Amino acid sequence: MAQGDRKKPGTADPPWVRLALIATSLAFVALFIFIPVIAVFTEALRNGVGAYFAAIVDPEARAAIRLTLMTAAIAVPLNVTFGICASWAIARFEFPGKQTLLTLIDIPFSVSPVIAGMLFVLLLGVRAPVGGWLADHGIRIIFAEPGIVLATIFVTFPLAARELIPIMQAVGSEEEEAAVVLGAGGWQMFFRVTLPNVKWGLLYGMVLCNARAMGEFGAVSVVSGHIRGHTNTMPLYVEILYNDYQFAAAFAVSSLLTLLAIATLIAKYSLERRVVPVKQEADDTAVNVAA
Amino acid sequence: MSIELRNISKKFGDFVAVDNVSLHIETGELVALLGLSGSGKTTLLRIIAGLETPDSGEVLFHGEDARAVSVRERKVGFVFQHYALFRHMTVFENVAFGMRVLPRRARPAEAEVGRRVHELLKLVQLDFLADRYPSQLSGGQRQRVALARTLAVEPKVLLLDEPFGALDAKVRQELRRWLRRLHDEIKITSVFVTHDQEEALELANRIVVMNQGRIEQIGSAEEVYHHPANAFVYNFLGNVNLFHGRIENGRVFLGDTAVELDNTHAHAHPETGKAVLYVRPHLLEIVLRPNGKQTFPATVKSINPAGPQVKVELVAAWGDLVQVDISHERFELLHLETGAHVFLKPKEQKLFVYQI
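Residues numbered from 1 in each chain as written. Chains lettered and ligands numbered in written order. Predicted model: local features only at pLDDT ≥ 70, side-chain atom pairs only at ≥ 80, totals over all residues.

Turning next to the overall build of chain B. Helix and strand counts for chain B come out as 9 helices and 20 strands. With respect to the principal axes defined by its C-alpha atoms, chain B has extents near 80 × 45 × 35 Å. Considering only residue pairs separated by 6 or more positions, chain B has 68% of its internal contacts joining residues 24 or more positions apart. (Helix = DSSP H or I, 4+ residues; strand = E, 2+ residues; numbered from the N terminus. Contact = placed C-beta atoms within 7 Å.)

A few words on the overall build of chain A. Scanning chain A for helices and strands turns up 15 helices and 0 strands. Along the three orthogonal principal directions, the C-alpha set of chain A runs to about 65 × 65 × 30 Å. Out of the 291 residues belonging to chain A, those deemed buried represent 35%. Considering only residue pairs separated by 6 or more positions, chain A has 75% of its internal contacts joining residues 24 or more positions apart. (Buried ≥ 20, exposed ≤ 12 C-beta atoms within 10 Å, placed from the backbone.)

Residue and element names in this part refer to chain B. Residue N20 is not a glycine yet carries a positive backbone phi of 50 degrees. Structurally, N20 is set in strand β2 (residues 15-25). What makes N20 partly exposed here is the crowd of 14 C-beta atoms within 10 Å. Its identity as a non-glycine residue notwithstanding, Y83 has a phi of 70 degrees, on the positive side. Mapped onto the fold, Y83 is located in the loop between β6 (76-79) and α2 (91-100). Judged by the 25 C-beta atoms lying within 10 Å of it, Y83 falls in the buried class.

Turning to the confidence of the model for chain B, a few remarks are in order. When pLDDT is averaged along chain B, the result is 87; 93% of the residues meet or exceed 70. ipTM for the predicted complex: 0.80, alongside a pTM of 0.77. (pLDDT = per-residue confidence, 0-100.)

So, on to the sheet that holds strand β16 (residues 296-304) of chain B. All names here are of chain B. If you walk across this open sheet you meet the 5 strands as β15-β19-β16-β17-β18, and the pairing is antiparallel. Looking at the sheet topology across the chains shown, the edges are occupied by β15 (284-287) and β18 (321-326). Across the sheet, the mean angle from the axis of one strand to that of its neighbour is 45 degrees, orientation sign disregarded. For β16 and strand β19 (residues 341-346), the ladder comprises 4 bridges, and the chain directions are antiparallel. Across the sheet, residue T299 finds its bridge partner in β19, namely H341. (Pairing = 2+ DSSP bridges. Axes fitted to C-alpha atoms, helices over the stretch in contact; angles between N-to-C directions.)

Time to look at the sheet that holds β2 of chain B. All names here are of chain B. If you trace the 4 strands from one edge of the open sheet to the other, you get β2-β1-β4-β5, paired in antiparallel fashion. With partners counted over all chains shown, the strands left at the sheet margins are β2 and β5 (64-65), one partner each. Where strand β4 (residues 56-61) and β5 come together, 2 bridges link them in antiparallel fashion. For F61, the partnering residue across the bridge sits in β5 and is E64.

Let us now look at helix α7 (residues 113-124) of chain A. Residue and element names in this part refer to chain A. Over its 12 residues, α7 extends 16 Å from the first C-alpha to the last, a length consistent with the 16 Å expected when each residue adds 1.5 Å. Listed as buried for α7 are P113, A116, G117, F120, V121 and L124. End-on view of α7: buried residues confined to an arc of 140 degrees, all on one side of the axis. Taken together, the buried residues of α7 touch α6 (107-110), α8 (129-136), α9 (145-156) and α13 (218-224). (Expected span 1.5 Å × (residues − 1). Arc of directions from axis to C-beta.)

With that settled, the discussion passes to the pairing of strand β9 (residues 206-211) of chain B. Residues and elements named next belong to chain B. In terms of residue burial, β9 counts as a mostly covered element, since 5 of its 6 residues are buried. Here 4 bridges tie strand β3 (residues 30-34) to β9, and the two strands are oriented parallel to one another. Paired with L33 across the bridge in β9 is V208. Relative to strand β10 (residues 214-219), β9 runs antiparallel, the two sharing 5 bridges. Within the sheet, the bridge partner assigned to V208 lies in β10 and is I218. Where β9 folds back onto β10 in an antiparallel hairpin, the turn is made up of 2 residues, including Q212, whose phi is positive at roughly 50 degrees.

We now examine the packing of helix α4 (residues 59-92) of chain A against helix α10 (residues 158-171) of chain A. All names here are of chain A. The geometry of α4 relative to α10 is characterised by a closest axis approach of 8 Å and an angle of 35 degrees between their N-to-C directions. Remark: the crossing between α4 and α10 carries right-handed chirality. Residues N79, V80, F82, G83, I84, A86, S87, W88, I90 and A91 of α4 form the contact with α10, whose own contacting residues are L159, A160, A161, L164, I165, M168 and Q169. In the contact of α4 with α10, the residues fall into 13 nonpolar, 4 polar and no charged. (Left-handed = near helix turned anticlockwise from the far one by under 90°. Nonpolar A, V, L, I, M, F, W, Y, C, P; charged D, E, K, R; others polar.)

Counting residues at the interface gives 19 residues for chain B, matched by 18 residues for chain A. Elements with a minimum of two residues in the side of chain B that touches chain A: β6 and α2 of chain B. In the side of chain B that touches chain A, the residues fall into 13 nonpolar, 4 polar and 2 charged.

All names here are of chain B. Among the 5 residues in β3, 5 count as buried, and that is most of the element. Neither face of β3 is left uncovered, since the one carrying L30, A32 and L34 and the one carrying V31 and L33 both have all their residues buried. With 5 bridges joining them, β3 and strand β8 (residues 189-194) adopt parallel strand pairing. Opposite L33, over in β8, you have V193 as the bridge partner.

Attention shifts here to the packing of α10 of chain A against helix α12 (residues 186-215) of chain A. All names here are of chain A. Remark: α10 packs on α12, axes separated minimally by 8 Å, with the N-to-C direction vectors making an angle of 165 degrees. One element, α10, and the other, α12, form an angle in the roughly antiparallel class. In this structure, α10 crosses over α12, and the sense of that crossing is right-handed. Of α12, the residues touching α10 (which contributes L159, A160, E163, L164, I167, M168 and V171) are N197, V198, G201, L202, Y204, G205, M206, L208, C209 and R212. Tallied by class, residues from the contact of α10 with α12 come to 12 nonpolar, 3 polar and 2 charged. (Parallel < 35°, antiparallel > 145°, perpendicular 65-115°, else oblique.)

Another aspect to go through is the confidence of the model for chain A. All names here are of chain A. Averaged over chain A, the pLDDT score is 85; the fraction of residues at 70 or greater is 91%. Within chain A, the element-level pLDDT minimum falls on helix α1 (residues 2-5), averaging 46, and the maximum on helix α11 (residues 174-181), averaging 92. Below a pLDDT of 50 lies the segment residues 1-5, which in the model reaches 0 contacts outside its immediate sequence neighbourhood of four places, other chains included. The low-confidence segment residues 286-291 (pLDDT under 50) makes 4 contacts with residues lying over four places distant or belonging to another chain.

This part covers the environment of A146 of chain B. Residue and element names in this part refer to chain B. As for its position among the elements, A146 is in helix α4 (residues 139-151). Remark: the alpha-carbon pair of A146 and V113, spanning 33 residues in sequence, is separated by 17 Å. Once residues lying within four places of it in the same chain are set aside, the contact partners of A146 are V79, F80, Y83 and L85.

Printed below as a string of structure tokens:
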């Protein structure tokens, strides 16, 4: 592989082209990623470390952090459950509507989050039939925590499934069949064979899902109603602080989200290195099967 | 445990994989399902294992209906074509798997599991690899681990899907002999699927030749090789030359040459009509002069002296390509060269004639 990647002298670009391409890429990354990230932390610490921590431990900030964590804590497990079910169904069974399901899974990616939020408001708002009925029974969805959780689940649900489907397909069902022939029951097969084979992909999906769940703005903004201390997640709270000209506080809370993003990237990077070999190994097997 | 299949059929969509197959396998037999890919042999094996459900027909284990018994309770050992070793487990854990998933009351103690695993790994001569992962093993080693893992659950029936298909020729030979010995030792009813006729002939007590979902012939190696039931079996087991001729009054004509028919092999040939004649390359003789009635002229096209026999390719007078295997001694005696005009003569009357 390494040899194939190396360019032959005849097709190599002249030095100035290479230099220009590399310089452009680096400048771009510096301008749009590196400088803003540094800026977030400098702005956050502008009024000193004391002010930074004061902004974070502020009751409203703490409420926003709590809501964000709770939302992620609900959305991620549900997402993983859905991801495993959907990927299993798609990788293992032939059923009518399989292609449709594959397409539908992608909808949250292709629809603007704001529209997703609107959808929930129209469906579950107090004036909508379903929402009205629920409100009569004392259940508030829109402009309350359940709405935020619902919207978050909607925008994140393809993440684990998308990650798992190709891995499950590549791993194949032979090992599962072997487990059953050896006397394993359904759950034993799942926990001892299926899950270990896809665990890195699953973790990777969870990391992506978690990052999206905590950082989601659009859909959540529509259904939240921005009630301070109640229905503000961290991204929404950042916006409110900013609109109130509390820049240092806004950046302090932003820095937490930025740290989350950096942690996600590190996790993503280290998981990718484990997921790729699994895929390759599975591909090798597939090649052998073909041969 | 004996296995009885009665009128088994299985379709995948429009494709008929198994078409009304009946087969009886005695306790302790080693049976080969031999056929090309797509002949339904693997599907039949998977039906015996319970991994596929037949559309119709019955599967009986020891005279009892096995369809009601789930895969995990059938007590069959299945060795997959690509071994299907658990890639995240060590060799030890792979072999121990069958014991670890037993219901708690039947599960042996850890020490017992360890003892059994090492016993099995010794049996397959891989005890020193217990801590390795499947990806660190060679193909032949993986195959033997797969077998040890299967034997760990003490199956009543051993089913092997192309057990040596993915191995190189040398290892294949070795494992074949090893499996034969193992079977002689533990006497477990075994069925293996193969497309390699040599493997089937060498290993099996009985061979089931399959084609397009149906059984063409069941018999010992001797029977299917020397007394093929039909043209397909003759054609499939070993190299064969195929001549188009015609039958007139019980005699077969190839071009202008008449060939006498042997009674045992002239199966149901009509008095007159077109016929296809099959002759194995080693059952033809090259002579320099016409000799008796049954010789026909041919021209040498190419000679390949590599191997235990010299492979000579000729063109018969009526245009068919003919492959003839002769001994090196005979080859030197004949002084054959490309382009030489010679005569071919069937050695025995072991010709196989098939009517059209």
